[in-house]
Amino acid sequence: MIGGAVFGVVIPYVAIAVFIVGVIYKIIGWANSAVPLKIPTTCGQQYTLPFLRRNIYDRFDCPQTMWETVGRMFFEIFFFRSLFRNTRFYYAPQMKYKDARWLWLFGIAFHYSLLLVLIDHLRFFMNPVPWFSSKLTDGLSLTGVFVPTLYLPGLLIVVALALLWARRLFFGKERTISLPSDHFVLILLLAITISGNLMRYFYKVDLEGVKELILCLSTFNVARAVSIADTIGPVLYIHLTLVSILLAYFPFSKLMHSAGVFFSPTRNMPNDNRVHIHINPWNPEVKGITYEQYYEMYKDQLDEIAENGYKVKPEV
Ligand code: HEM
């Protein structure tokens with residue numbers, strides 16, 4: 001009874017509350033931060049004299065208009081375009097750059113399989129299950145070769161996370177710059193995805209019960225949620241508790257990059273310094289005076305200077 005209430009109800013509720021409050025708090029903080037300077041990162045030909053041609057890549061790498069900036073953000077968010085130009089410099093004896101785009105590959109494999117796993121999870125959160133969720137799950141499952149049917153994104157996510165963690169563990173440079181928090185998120189995500197796969201293939205849980213539990217939690221039917229939580233197996237508790245830790249940790253971790261990318265001035269600003277003056281909207285208002293007021297204040301001196309043909313003698 002107590003186990004079901006704690007792991008199935010209390011911990012998930014606390015985690016969701018921390019997640020929602022934390023994310024809103026962070027976003028308000030970012031939205032209220034001054035951006036005093038134009039600081040988009042650029043690496044293409046800026047819009048300039050008409051005979052300096054710009055190709056399509058320059059438009060995304062050095063966007064000048066709002067739409068070029070939107071295009072740049074689109075490719076960044078959906079294809080991690082800046083990571084795709086990843087190179088590494090090797091000192092002696094090679095002294096050259098080498099392609100390091102495997103990081104892009106691991107990164108994109110992880111993020112897209114996460115997306116597909118979460119779309120598959122909609123079957124626990126929605127009634128009826130959206131048509132695209134079951135269609136995608138069927139389309140991405142390998143049937144007939146192995147028993148049981150393998151859900152490929154669920155396995156790929158574990159492989160991608162293992163590779164991303166191996167990179168931090170076994171490559172000297174990456175190991176040096178890795179913080180405990182870098183390892184922590186990867187271990188946490190690995191634990192979540194491995195426990196999920198354990199449920200899918202080895203320690204079956206009552207999926208109808210899981211769905212009812214989640215729907216009861218989302219409609220605040222706490223009494224029913226506690227009684228269902230008692231009947232579902234312990235592996236689900238592990239999975240759910242790890243997910244709760246992830247949710248509660250999310251707003252305070254580097255995982256907030258998923259929201260932060262939209263607020264990043266190096267990405268979301270067009271590079272139009274030569275066209276518009278960028279004025280920091282947080283600058284204090286300058287209370288200036290008109291020329292007429294100025295003239296009125298210094299009338300005598302200004303008239304005298306004008307009479308002398310604007311020749312000002314140095315004071316002795
Ligand atoms: C409240 C949130 C969640 C619940 C209730 C939940 C529940 C479950 C259940 C019951 C399964 C077994 C599915 C089956 O037997 O067919 C599963 C599998 C899995 N879960 Fe979760 N899960 C949640 C969140 C997450 C999150 C956030 C992740 C990823 C970070 C994740 C990753 C996985 C993976 C990789 C599998 C195995 C592949 C699959 O069935 O899709 N889960 N989950």
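Everything here concerns the structure above.
About the criteria used
- Residues numbered from 1 in each chain as written.
- Predicted model: local features only at pLDDT ≥ 70, side-chain atom pairs only at ≥ 80, totals over all residues.
- Heavy atoms only, no water.
- Phe/Tyr/Trp six-rings, centres within 6.5 Å; stacked < 30°, edge-to-face > 60°.
- Helix = DSSP H or I, 4+ residues; strand = E, 2+ residues; numbered from the N terminus.
- Buried < 20%, exposed > 50% of the residue type's maximum accessible area, 1.4 Å probe, protein only.
- Lys NZ or Arg CZ within 6 Å of the ring centre and 35° of its normal.
- Donors = N, O, S within 2.8 Å, 3.2 Å for Na, K, Ca; no water.
- Tetrahedral: all angles 85-135°; square planar, octahedral: opposite > 155°, others 65-115°.
- Near = heavy atom within 4 Å.
- Polar contact = N/O pair within 3.5 Å; in protein donor to acceptor, adjacent residues only side chain to side chain.
- Nonpolar A, V, L, I, M, F, W, Y, C, P; charged D, E, K, R; others polar.
- Salt bridge = Lys/Arg side-chain N within 4 Å of Asp/Glu carboxyl O.
- Contact = heavy atoms within 4.5 Å.
- Core = buried A, V, L, I, M, F, W, Y, C linked by side-chain atoms within 4.5 Å.
- Expected span 1.5 Å × (residues − 1).

A. Expanded view of the packing of aromatic side chains. One pass over the structure, following the stated rule, counts 17 aromatic pairs. Note on Tyr291 and Tyr294: the rings are 6.0 Å apart at their centroids and 45° apart in plane angle, and the pair reads as tilted. A residue pair is termed a helical-turn pair when its members lie 3 or 4 positions apart in one helix, as Tyr291 and Tyr294 do in helix H14 (residues 291-297) at three residues. Accessibility expressed as a relative area gives 53% for Tyr291, which makes it exposed. On the basis of relative accessible area, Tyr294 is assigned to the partly exposed category, the value being 35%. Pairwise contacts between aromatic rings join Phe60, Phe74, Phe75, Phe78 and Phe79 into one cluster. Seen from the ring of Phe84, Arg101 lies directly overhead, with NZ or CZ sitting 4.7 Å from the centre.

B. Looking closely at the coordination of the iron atom of the ligand. Within the protein, the iron atom of the ligand binds to His121 (NE2) and His239 (NE2); these donor distances fall in the range 2.0 to 2.1 Å. Coordination geometry of the iron atom of the ligand: the six donor atoms subtend angles of 85 to 178° at the metal centre, consistent with an arrangement described as octahedral. Placement of His121 in helix H4 (residues 102-125) and of His239 in helix H11 (residues 234-249) is noted, with a sequence separation of 118 residues between them. The exposure class of His239 is buried, given its relative accessible area of 12%.

C. View of the site of the ligand. Close to the ligand lie 24 residues, the nearest being Asp120, His121, Arg123, Arg200 and His239. At 3.1 Å, a side-chain N or O of Asp120 approaches an oxygen atom of the ligand. Side-chain polar atom of Arg123 to an oxygen atom of the ligand: 3.2 Å apart, as the coordinates give it. The set of elements that each furnish at least two residues to the shell around the ligand consists of H4, helix H6 (152-170), helix H8 (180-201), helix H9 (207-218) and H11. The element that contributes the greatest number of residues to the shell around the ligand is H4, accounting for eight residues. A breakdown of the residues in the shell around the ligand according to their chemical character gives 15 nonpolar, six polar and three charged.

D. Focus on the pattern of salt bridges. Tallying each qualifying case throughout the model produces 13 salt bridges. In this structure, the salt-bridge partner of Asp182 is Arg168, at a minimum N-O distance of 3.7 Å. Within this pair, whereas Asp182 is found in helix H8, its partner Arg168 is found in helix H6, the two being separated by 14 residues in sequence. A relative accessible area of 8% means that Asp182 is categorised as buried. Three or more residues are tied together by salt bridges with common partners; here these are Arg54, Arg59 and Glu68.

E. Representation of the environment of Ser195. Along the chain, Ser195 falls in helix H8. Relative accessible area serves as the criterion here: at 5%, Ser195 is assigned to the buried category. Residues Ser195 and Glu285, spaced 90 residues apart in sequence, show a C-alpha to C-alpha distance of 57 Å. When residues no more than four places from it in sequence are discounted, the contact partners of Ser195 are Val235, Ile238, His239 and Leu242.

F. Spatial organisation of the nonpolar core. Among the nonpolar cores identified, the biggest contains 22 residues, and Phe110, Leu161, Leu164 and Leu246 are the most heavily contacted of them. Looking at this core, the elements that each hand over two or more residues are H4, H6, H8 and H11. For this core, the element with the most residues is H8, which contributes six residues. Met199, Leu217, Ala225 and Val226 belong to the second-largest nonpolar core, a separate cluster that totals 19 residues.

G. Representation of H9. Its 12 residues give H9 an end-to-end C-alpha distance of 17 Å, which sits within 8% of 16 Å, the value for a rise of 1.5 Å per residue. Regarding H9, the residues found buried are Gly209, Val210, Lys211, Leu213, Ile214, Cys216 and Leu217. Lining the buried residues of H9 we find helix H1 (2-31), H4, helix H10 (222-229) and H11. Where H9 starts, the residue carrying a side-chain oxygen 3.2 Å from the main-chain nitrogen of Glu208 turns out to be Asp206. Trailing H9 by a residue or two, Phe220 shows a phi angle of about 55°, which is positive.

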